[in-house]
Amino acid sequence: MQHDALAAIDIGAGQGTRVALFDDPEHLLAERYFALDEYGETFESFVGRLRTEVQALLVENGGRELRSIGIATPGVLRRDGSFKWVQNIPFLEGYNLKDELSAGFGVRTGIANDADAGALAEWSVLRVDLLYWVFGGGWGGAWVSKDGELMFPSTDWDGRDSSLHYTSEPGVSIPLEKI
């Protein structure tokens with residue numbers, strides 16, 4: 001009997017991308033990782049690699065059917081899910097990965113800035129006002145109200161530092177050692 005699965009994609013701008021498969025939101029079936037230098041140099045090569053990794057996980061886990069995909073990514077998105085600005089992965093800019101994977105797999109797909117996604121995940125457990133900071137290939141942050149509203153989402157930034165709220169820095173690259 002085939003069971004359905006959820007795919008989670010965490011795009012990294014400093015080290016690499018992790019692709020995971022879940023049979024429910026709390027049960028990891030398997031995951032794969034590929035390094036930043038394996039992204040290729042184009043949107044098409046990156047999407048191809050993501051498709052390959054998701055498909056391989058589905059096959060390795062009994063030929064499961066994909067139910068949906070969730071993507072966490074650095075940078076600033078437009079409200080339609082396309083990339084507006086990605087500091088360390090500029091070949092993604094202007095493309096809509098959410099729509100590309102949704103059409104390719106025929107499933108609902110969501111995408112969010114990684115700090116926004118992490119903050120909402122923490123809020124779902126704590127249910128309090130929350131300031132959340134992320135340090136990795138860059139740094140970023142998010143603010144979630146006690147009611148679960150993302151206060152300053154990393155979408156549709158106009159590019160002016162003065163209009164950027166300090167809690168929603170969109171993943172600027174800084175030279176931090178991982179240790």
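See the structure printed just above.
If you're wondering where the values come from, they're calculated on a predicted model, not measured in any experiment. (Residues numbered from 1 in each chain as written. Predicted model: local features only at pLDDT ≥ 70, side-chain atom pairs only at ≥ 80, totals over all residues. Heavy atoms only, no water.)

A. Representation of helix 2 (residues 97-105). Residues Leu97, Leu101 and Phe105 constitute the buried set of helix 2. Within helix 2, the buried residues cover an arc of 45° as seen down the axis, which keeps them to one side. Next to the buried residues of helix 2 lie strand 1 (4-10), helix 1 (43-60), strand 4 (65-73), strand 6 (83-85) and strand 7 (108-113). One side-chain oxygen of the residue at the start of helix 2 lies 3.2 Å from the amide nitrogen of Lys98, identifying that residue as Asn96. A positive phi of about 70° marks Gly106, the residue just after helix 2. (Buried < 20%, exposed > 50% of the residue type's maximum accessible area, 1.4 Å probe, protein only. Helix = DSSP H or I, 4+ residues; strand = E, 2+ residues; numbered from the N terminus. Arc of directions from axis to C-beta. Contact = heavy atoms within 4.5 Å. Polar contact = N/O pair within 3.5 Å; in protein donor to acceptor, adjacent residues only side chain to side chain.)

B. Examining helix 1 more closely. Between its first and last C-alpha atoms helix 1 spans 26 Å; for 18 residues at 1.5 Å apiece the expected length is 26 Å, and the two agree. When we look at burial in helix 1, the residues that qualify are Phe43, Phe46, Val47, Leu50, Glu53, Val54, Ala56, Leu57 and Leu58. On its buried face, helix 1 is in contact with strand 1, strand 2 (16-24), strand 3 (27-35), strand 4 and helix 2. (Expected span 1.5 Å × (residues − 1).)

C. Here's a closer look at the pairing of strand 4. By the bridge criterion, seven bridges tie strand 1 to strand 4 in an arrangement that is parallel. Looking at strand 4, one finds that Asp10 is bridged to Ala72. One ladder, built from six bridges, connects strand 4 with strand 7; its direction is parallel. The residue bridging Ala72 from the neighbouring strand is Ala112, located in strand 7. (Pairing = 2+ DSSP bridges.)

D. Seen up close, the nonpolar core. Counting 31 residues, the largest nonpolar core has Ile9, Phe46, Leu66, Ile69, Leu97 and Leu101 as its most contacted members. Listing elements by their share of this core, those giving two or more residues are strand 1, strand 2, strand 3, helix 1, strand 4 and helix 2. Take this core: its biggest share by element is seven residues, from helix 1. Setting aside chain neighbours within four positions, we find Phe46 in contact with Ile11, Thr17, Phe34, Tyr39, Phe91, Leu92 and Leu97. (Core = buried A, V, L, I, M, F, W, Y, C linked by side-chain atoms within 4.5 Å.)

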